Amino acid sequence: MADDAIALDGFLDEETVPGDLHGSTARFRLTVSPTDERTDEMILPCSVADSELAHAVIHDLVPGDKLRVTGYLRLPRTPDEPMWLVVNTLTVLETAPLLSDPAATAVIERYGSYVCWFDADTTGVEVFTEDGTWVGTAPAPNDLGELLEAFEQRQATGGE
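Residues numbered from 1 in each chain as written. Predicted model: local features only at pLDDT ≥ 70, side-chain atom pairs only at ≥ 80, totals over all residues. Heavy atoms only, no water.

**Structural notes on the environment of Leu61**
Structurally, Leu61 is set in the loop between helix H1 (51–60) and strand S5 (66–74). Setting aside residues up to four positions removed in sequence, Leu61 forms contacts with Leu12, Thr16, Ala56, Leu67, Leu90 and Val92. (Helix = DSSP H or I, 4+ residues; strand = E, 2+ residues; numbered from the N terminus. Contact = heavy atoms within 4.5 Å.)

Next comes the structure, spelled out in structure tokens:
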């Protein structure tokens, strides 16, 4: 029988949660962006059954971490069952950007392959690509989608 495990790279955009009362399993959602197109992006629910790995997932991972997960896709058998990835191995490829001052009023968060600077003193959101290219400033968090779409259109047409 062929090994049908799959490996995916993605970002942890939310906190992880225990899968049971004892924390011997864990669950999280991985944002996978295989291309630069936002339409190719997906959010994949993941579960971890190994208790050691579950402990690491619950206590060591933070939103913004870039991960490589390997496991088996569990497809639904009925319309009311979810699809998820049963994770066997997990590697942190990049840790989330951290602020040097824990008392700061700003937060750096990943948004797919973008890094966003949210400052509590302003409504604007500064946005960069993960390699440091300036994308722009969204007037408010709700305007991020429009800013990213405009940036991607400029990139696709070769414009600045």
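**Comments concerning the pairing of strand S7 (residues 106–111)**
With six bridges joining them, S7 and strand S8 (residues 114–119) adopt antiparallel strand pairing. Within S8, the residue paired with Tyr111 across the bridge is Tyr114. Between S7 and S8, which follow one another and run antiparallel, lie two residues, and Gly112 among them has a positive phi close to 65 degrees. (Pairing = 2+ DSSP bridges.)

**Side note on the packing of aromatic side chains**
Applying the stated rule across the entire model yields two aromatic pairs. Residues Tyr114 and Phe151 carry aromatic rings whose centres are separated by 6.2 Å and whose planes lie at 80 degrees to one another, so their mutual orientation is edge-to-face. Of this pair, Tyr114 sits in strand S8 while Phe151 sits in helix H2 (residues 144–157); the two residues are 37 residues apart in sequence, bridging distant segments of the chain. You'll find Tyr114 and Phe151 in the same group, each marked buried. A centroid spacing of 5.1 Å and a plane angle of 65 degrees characterise the contact between Phe128 and Trp134, whose relative ring orientation is edge-to-face. Owing to a relative accessible area of 30%, Phe128 belongs among the partly exposed residues under this scheme. (Phe/Tyr/Trp six-rings, centres within 6.5 Å; stacked < 30°, edge-to-face > 60°. Buried < 20%, exposed > 50% of the residue type's maximum accessible area, 1.4 Å probe, protein only.)

**Looking at the pattern of salt bridges**
Applying the stated criterion across every chain, the model contains three salt bridges. In this structure, the salt-bridge partner of Asp9 is Arg68, at a minimum N-O distance of 2.6 Å. One end of the pair, Asp9, is in strand S1 (residues 6–12); the other, Arg68, is in strand S5, with 59 residues separating them in the sequence. Given a relative accessible area of 31%, Asp9 falls into the partly exposed group. (Salt bridge = Lys/Arg side-chain N within 4 Å of Asp/Glu carboxyl O.)

**Considerations on the nonpolar core**
Judged by nonpolar contacts, the single largest core of 18 residues is most densely connected at Phe28, Val48, Val57, Leu67, Val69, Val87 and Leu90. Ranked by residues supplied to this core, first place goes to strand S3 (residues 26–32) with four residues. Once residues lying within four places of it in the same chain are set aside, the contact partners of Val48 are Thr25, Ala26, Phe28, Leu53, Ala54, Val57 and Val87. Core analysis: the second largest hydrophobic core is formed by 10 residues, Val125, Val135, Leu144 and Leu148 among them. (Core = buried A, V, L, I, M, F, W, Y, C linked by side-chain atoms within 4.5 Å.)

**Describing H2**
The α-helix advances 3.6 residues per turn, and as a result positions three or four apart in sequence lie on the same side. Counted at 1.5 Å a residue, the expected span for H2 with its 14 residues is 20 Å, and the 20 Å between its end C-alpha atoms agrees. The set of residues buried in H2 consists of Leu144, Leu147, Leu148, Phe151 and Glu152. For H2, the buried positions fall inside an angular range of 130 degrees around the axis, keeping them on one side. Summarising the geometry of H2, the exposed residues directed more than 90 degrees from the buried face are Glu146, Glu149, Gln153, Ala156 and Thr157. For H2, the secondary structure elements touched by its buried residues are S7, S8, strand S9 (125–129) and strand S10 (134–138). Looking one or two residues past H2, Gly158 carries a phi angle of roughly 80 degrees, positive in sign. (Expected span 1.5 Å × (residues − 1). Arc of directions from axis to C-beta.)

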